[in-house]
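# Examining the three-dimensional arrangement
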Amino acid sequence: MMGLAIMAAVAAAGFVADWRLGLVLAVWFGAWTLNAGLAEGRGSWVRRVVPLIFGITLLVLWEMTVDLFGVNPVILPAPSAIWAQLISSLPTLWADFVQTFVKGALTGYVLGCGAAIGTAILIDRSPFLQRGLLPVGNFVAALPIVGIAPIMVMWFGFDWHSKAAVVVVMVFFPVLVNMVAGLKATEPMQRDLMATYSASYWQTLMKLRLPAALPFLFNGLKIATTLALIGAIVAEFFGSPIVGMGFRITAEIGRLGLPMIWAEIAVAALAGSAFYGLVALIEKRMTFWHPSQRRQ
Amino acid sequence: MLRNLVPVLTVVLAIVGLWYLAAIWMNATWVYDQAAREGREVMLVDLVTETLHQERPVLPAPHQVAKGLYDGFFGQKVTSKRSLVYHGWVTLSATLLGFVMGSGLGILLAVGIVYNRAMDMSVMPWAIASQTIPILAIAPMIIVVLNSMGVQGIVPKAIISAYLSFFPVVVGMVKGLRAPDGMQLDLLRTYNASGAQTFAKLRLPSSMPYLFASLKVGVAASLVGTIVGELPTGAVAGLGSRLLSGSYYGQTVQIWAALFAAALLAASLVAIIGLAERIVLQRMGLVR
């Protein structure tokens, strides 16, 4: 009750100072009270509805603020303007998406993750190499690897090949470190069992150690999805053909075409979460046996 | 630690060796072109010496990068525009400011999320989802928009790096503050501890390992954010602008030197946080 009274007082003060401010505050407090009330309830639908209401409230507030206060579209375009831009320039956005995501990020992701998994299996047989490579890999994983973008652009040209190369290097080490950890995840008892079956190295690998490594591997693969998209977009800041999400962002900055940039960012956000979601879905299908995947 | 020294050194030496071979291989085309123009044969010895001492090699040899780094750090006055200390400081100051802002706000939000159910349900899904989004893509836009509003210098870059370190800290800190199990919380209830006491004596201490883990991620992300934030300002100052101007003018040694300076910076920032972690956890008796 105290909270409600304070909110009402602040909103009223806002109305007195400036009716527009008061309106914005009233919408915010109204939505917040609704959410606070809903959050008390139990049930699975609450967990979905509350964040949705929060997100929609933010969008509504954004739109209201821009419209009521007449914010310059060069500084912050309204969501409706961004949506209009998104709809009207779908072909351009699609071309950018194909160039940056499908050609650059996805190619690099597949190559980089494949190379990392292969390397992990290779060095798995040599404890010496593991002890040497793991600290180096951990060290490199913390470095600002996007910085190699200008070098790759110089080596592989402006087209998507250089972007894929940046992505390969960026995703390699997180996946490598996780895969090596995963290959160690079997218990001595399980390995002994395979030994009593007289299983060969490859049989043990295929039937026991690779499946056991999957939860760790997917951890690395999920981290790598975000890195791949970041690498592909940032590499385009250093030079690109006249298509691509990173190119569009830099080009539209020069023309102060903010709605287009926001539209491009919306596409990037959508692609990023869809990519992550896809990998998470595959993980769920392939590691259904793992405790972390069990339904609560 | 010492047990790993020999393998690590072997791997590092192997990398340097491969690097030299790659430098010879990648720079060979230019040497052969030059030799063909002058009409002379290229011996193996010439090939090696000439590929490793070019002005603008395709791939600079390790010793050239080392020399570039040395020149950048010690070769000139610290205030010089060619000094890596100067550019490194520009990047570091923005990174630190952003990191402190981002992780401070992140910790505050995490406390709010843990203590307020509505906040937890509204904000937390978005904080998690935002980790799958390439936030870095908006860096150039933030710089330009703030620039058009008259905000220049260190602040726009710091905002980007704050933004990047914010979400990892929120997610890690929420996990940490929720780490105490029901038994421990019950114990404090039997002691009749107040909310503030529970926070100060149980939740905060048990969140420390999580906090430091996410601070390490956050500071690395902050540095990347600052470097990318330095790109669209037209190469004024900072390690990011050294990368960009190097790629404009084909100064490969400059790019590699800036890259290694950035790597050193990242490594020392993470190492400092690691050290702080060791000290704090030791004082708290939480050392693994």
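Positions within a chain are numbered from 1, following the residues in the order the chain's sequence is written. Chains carry letters from A onward and ligands carry numbers from 1 onward, assigned in written order. Local features are withheld for residues below a pLDDT of 70 in this predicted model, meaning they are given only at 70 or higher, and side-chain atom pairs are given and counted only at 80 or more; totals for whole chains, interfaces and linings count all residues. Excluded from the side-chain calculation are hydrogens and water; included are all heavy atoms of the structure.

In plain terms, the rule: UniProt positions are given in the numbering used here, feature names are shortened, and annotations may be inferred rather than shown by experiment.
Looking at an unreviewed UniProt entry, chain B carries the name NitT/TauT family transport system permease protein, with the source organism given as Gemmobacter caeni. Looking at chain B in UniProt, the text filed under Subcellular location (unreviewed entry) is "Cell membrane". Regarding chain B, the UniProt comment filed under Sequence similarities (unreviewed entry) reads as follows: "Belongs to the binding-protein-dependent transport system permease family."

Chain A appears in an unreviewed UniProt entry as NitT/TauT family transport system permease protein from Gemmobacter caeni. Per UniProt, the comment on chain A under Subcellular location (unreviewed entry) is "Cell membrane".

## Side note on the side chain of B:Arg242
Definition in use: Secondary structure elements are defined from DSSP: runs of H or I of at least 4 residues count as helices, runs of E of at least 2 residues count as strands, and each element is numbered from the N terminus. For this analysis, residues touch if any pair of their heavy atoms sits within 4.5 Å.
Tracing the chain through its elements places B:Arg242 in helix H10 (residues 239-249). Ignoring anything within four residues of it in the chain, the contact list for B:Arg242 reads B:Lys81, B:Arg82, B:His87, B:Gln254 and B:Ala258.

## Considerations on the domain arrangement of chain A
Stated precisely, the cut-off is as follows: The domain boundaries here were taken from an automatic or database domain assignment.
One can read the domain layout of chain A as domain 1 (2-71) and domain 2 (86-293). Distance between the C-alpha centres of domain 1 of chain A and domain 2 of chain A: 39 Å.

## Examining the UniProt feature "domain: ABC transmembrane type-1" (unreviewed entry) in chain A
According to UniProt, the positions carrying the feature "domain: ABC transmembrane type-1" (unreviewed entry) are residues 112-287 of chain A. For residues 112-287 of chain A, the end-to-end C-alpha separation is 22 Å, with 82% helix and 0% strand making up the annotated structure.

## Quick word on the UniProt feature "transmembrane region" (unreviewed entry) in chain A
Residues and elements named next belong to chain A. What UniProt calls "transmembrane region" (unreviewed entry) maps, in this numbering, to residues 45-62, 106-124, 136-158, 164-183, 216-240 and 260-282. Across residues 45-62, the secondary structure splits into 100% helix and 0% strand, with the terminal C-alpha atoms separated by 26 Å. Helix makes up 100% of residues 164-183 and strand makes up 0%, while its end C-alpha atoms are separated by 27 Å.

## Quick look at the packing of helix H5 (residues 90-124) of chain A against helix H11 (residues 245-254) of chain A
Residue and element names in this part refer to chain A. As a reminder, the rule being used: In this analysis, axes come from line fits to C-alpha atoms, helices being fitted only over the stretch in contact, and the angle between any two N-to-C directions falls in the range 0 to 180 degrees. What sets the label is the angle itself: under 35 degrees gives roughly parallel, over 145 gives roughly antiparallel, 65 to 115 gives roughly perpendicular, and the rest give oblique. Under the convention adopted here, Pro, Cys and the residues Ala, Val, Leu, Ile, Met, Phe, Trp and Tyr are nonpolar, Asp, Glu, Lys and Arg are charged, and Gly plus all remaining residues are polar.
Running from N to C, H5 and H11 point in directions that differ by 130°, and their axes come no closer than 7 Å. On the basis of the axis angle, H5 is oblique to H11. On H11, the residues that touch Thr92, Asp96, Phe97 and Thr100 of H5 are Met245, Gly246 and Arg248. Considered class by class, the residues forming the contact of H5 with H11 number 2 nonpolar, 3 polar and 2 charged.

## A closer look at a nonpolar patch on the surface
How we decide: Note on patches: the residues involved have over 30% relative accessible area and no salt bridge, like charges join within 9 Å, and the nonpolar side chains Val, Leu, Ile, Met, Phe, Trp and Tyr join within 5 Å. Computed with a 1.4 Å probe, the accessible areas rest on the Shrake-Rupley method; for each residue, only the protein chains presented here act as cover. Note on definitions: salt bridges are taken to be side-chain nitrogens of Lys or Arg within 4 Å of carboxyl oxygens of Asp or Glu.
Residues A:Phe128, A:Leu129, B:Leu5, B:Val6 and B:Leu9 make up a contiguous nonpolar surface patch of roughly 440 Å² in combined accessible area. At the level of elements, helix H6 (127-141) of chain A together with helix H1 (5-38) of chain B are the ones that each hand at least two residues to the nonpolar patch. Per-element accounting of the nonpolar patch gives the leading share, 3 residues, to H1(B). With respect to the helices, strands and loops of the structure, A:Leu129 is situated in helix H6.

## A closer look at the interface of chain A and chain B
Filter applied, for reference: By buried area we mean how much accessible surface two parts lose on assembly, using a 1.4 Å probe and totalling the loss over both. Polar contacts, as counted here, are pairs of nitrogen or oxygen atoms within 3.5 Å of one another; within protein the pair requires one atom able to donate a hydrogen and one able to accept it, and residues that are adjacent in sequence qualify only if both atoms are side-chain atoms.
Contacts between chain A and chain B engage 52 residues on the former and 55 residues on the latter. A buried area of about 4400 Å², summed over both sides, lies between chain A and chain B, and 82% of it is on carbon and sulfur atoms. Per-residue buried area on chain A facing chain B is highest for A:Arg131, A:Pro144 and A:Trp155; these three make up 14% of the total on that side. Applying the counting criterion to the chain A and chain B interface returns 0 salt bridges. Joining chain A to chain B, the criterion identifies 1 residue pair in polar contact (both at pLDDT 80 or more).

## Thoughts on the environment of B:Leu21
Mapping B:Leu21 onto the fold places it in helix H1. Along the backbone, B:Leu21 and B:Leu52 are 31 residues apart, and their C-alpha atoms lie at a distance of 9.9 Å.

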